[in-house]
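Chain by chain, the residues:
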Amino acid sequence: MARILVTGSTQGIGLETARQLLTGGHHVVVHARDDSRAAQARAALADASGPAGAPDVVVGDLASTAATRRLALDAAEAGPLDVVVHNAGLGAPEERVVTDDGLERTFQVNVVAPYLLTCLVPPPARLVYLSSGTMRRGRLDLDDLQHEARARSGRFDGMQVYADTKLADLVLALAVARRWPDVVSNAVDPGWIRTRMGGAAATGELVEGADTPVWLATSGDEGATRSGRFVHRRQAEDVPAAATDPALQDDLLAALEDLTGTGLPSR
């Protein structure tokens, strides 16, 4: 039985991931943005409690660095974690929105928050970062990670913002795999899943979307215990060459450290 934190687990793929883990006998720590969503998650998972019992719940808004830091403390205090599934994320924004921290909101939730949690939560045995197939159209412009310059020039593109953050998640997963060789760190493409983010036209069901994250989090299969990969439907896929470049990985980590004042600990 593993103890597993799933961020953004009050709906969609995150909720289904928590459900499958619970019914599989694992101890799950559910994450909600606020108390109302926490109550909804408890109710939604009431029938899924397995041998490990009902899930623990931690609360924190990932669009706030202060709240993300508190969330890391709360998650650590709930008990040692074997796995963290970084599922929480926002879809393509219609306009550029800046949080109270002065960060573009989608970038903060999709990239800065999982980076901070990785830095602050004691390293588990496995890390799973939810990326997307759209990362293939992503571009990491280290001089404009938050699309500020592009917004000023009238070139703000919400789908490009989303793709860039999903590429950044992949680069983060590969950077952690390289820096922390004793931790199994992978990125996953759950597929185009019928959720509020994926939309009604999506072709995949929730069970399918959660399958690979659950497999990476818990399976003893050789494919699930290898680190530094991008996985779709339990199969490793090729990634853009830039994502495997240690220089780009280190540059992204340095940029995130500059933004947060927190560096990735050495192992």
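Residues numbered from 1 in each chain as written. Predicted model: local features only at pLDDT ≥ 70, side-chain atom pairs only at ≥ 80, totals over all residues. Heavy atoms only, no water.

- With an unreviewed UniProt entry as reference, the chain is termed SDR family NAD(P)-dependent oxidoreductase, source organism Aquipuribacter nitratireducens.
- Its UniProt record gives the chain a comment under Sequence similarities (unreviewed entry), which states: "Belongs to the short-chain dehydrogenases/reductases (SDR) family." (UniProt positions renumbered as here; feature names shortened; annotations may be inferred.)

**Remarks on the overall build of the chain**
- The number of helices and strands found in the chain is eight helices and eight strands.
- Relative to the 2.2 N^0.38 estimate, which gives 18 Å for 267 residues, the radius of gyration of the chain is 17 Å and therefore close to what a compact globule would have.
- Principal axes of the C-alpha set define a box for the chain whose edges measure 55 × 40 × 35 Å.
- When each of the 267 residues of the chain is scored for burial, the buried share is 53%.
- Residue pairs at least 24 apart in sequence account for 75% of intrachain contacts in the chain once pairs closer than 6 positions are excluded. (Helix = DSSP H or I, 4+ residues; strand = E, 2+ residues; numbered from the N terminus. Rg over C-alpha atoms; globule rule 2.2 N^0.38 Å. Buried < 20%, exposed > 50% of the residue type's maximum accessible area, 1.4 Å probe, protein only. Contact = heavy atoms within 4.5 Å.)

**Points about helix H6 (residues 158–179)**
- Taking 1.5 Å of rise per residue, 22 residues should cover 32 Å, and H6 covers 31 Å from first to last C-alpha, within 8% of that figure.
- Counting buried positions along H6 gives 19 out of 22 residues, so the element sits mostly inside the fold.
- At the N-terminal boundary of H6, the capping side chain belongs to Asp-157, with an oxygen 3.1 Å from the backbone nitrogen of Met-159. (Expected span 1.5 Å × (residues − 1). Polar contact = N/O pair within 3.5 Å; in protein donor to acceptor, adjacent residues only side chain to side chain.)

**Digging into unusual backbone geometry**
- In the Ramachandran plot, His-147 falls in the positive-phi region, its phi being about 60 degrees despite a non-glycine side chain.
- Its place among the elements puts His-147 in the loop between strand S5 (126–130) and helix H5 (148–152).
- With relative accessibility at 2%, the residue His-147 sits in the buried group.
- For Arg-234, which is not glycine, the phi dihedral falls at a positive 70 degrees.
- With respect to the helices and strands, Arg-234 occurs in the loop between strand S7 (230–232) and strand S8 (235–237).
- Exposure remark for Arg-234: the relative accessible area of 35% places this residue in the partly exposed category.

**Some thoughts on the environment of Arg-33**
- In this fold, Arg-33 is placed in the loop between strand S2 (27–32) and helix H2 (35–44).
- Judged by relative accessible area, which is 39%, Arg-33 ranks as partly exposed.
- Considering only alpha carbons, one finds Arg-33 and Thr-10, 23 residues apart in sequence, at a separation of 8.4 Å.
- With near-sequence residues (within four places) excluded, Arg-33 lies in contact with Val-59, Gly-60 and Asp-61.

**Quick look at the packing of helix H3 (residues 65–77) against helix H4 (residues 105–120)**
- Closest axis-to-axis distance for the H3/H4 pair is 9 Å, and the angle between their directions is 40 degrees. H3 and H4 meet at a crossing whose hand is right-handed. Here Thr-65, Thr-68, Arg-69, Leu-71 and Ala-72 of H3 come into contact with H4, specifically with Gln-108, Ala-113, Leu-116, Leu-117 and Leu-120.
- A per-class count over the contact of H3 with H4 returns six nonpolar, three polar and one charged. (Axes fitted to C-alpha atoms, helices over the stretch in contact; angles between N-to-C directions. Left-handed = near helix turned anticlockwise from the far one by under 90°. Nonpolar A, V, L, I, M, F, W, Y, C, P; charged D, E, K, R; others polar.)

**Details of the pattern of salt bridges**
- For the coordinates displayed, the defined rule picks out 16 salt bridges.
- Where Glu-16 meets Arg-19, a salt bridge forms, and the shortest distance between an N and an O atom there is 3.7 Å. In this pair, Glu-16 and Arg-19 both sit in helix H1 (residues 12–23), three residues apart, roughly one turn of the helix.
- Using a relative accessible area of 13% as the deciding quantity, one classes Glu-16 as buried. (Salt bridge = Lys/Arg side-chain N within 4 Å of Asp/Glu carboxyl O.)

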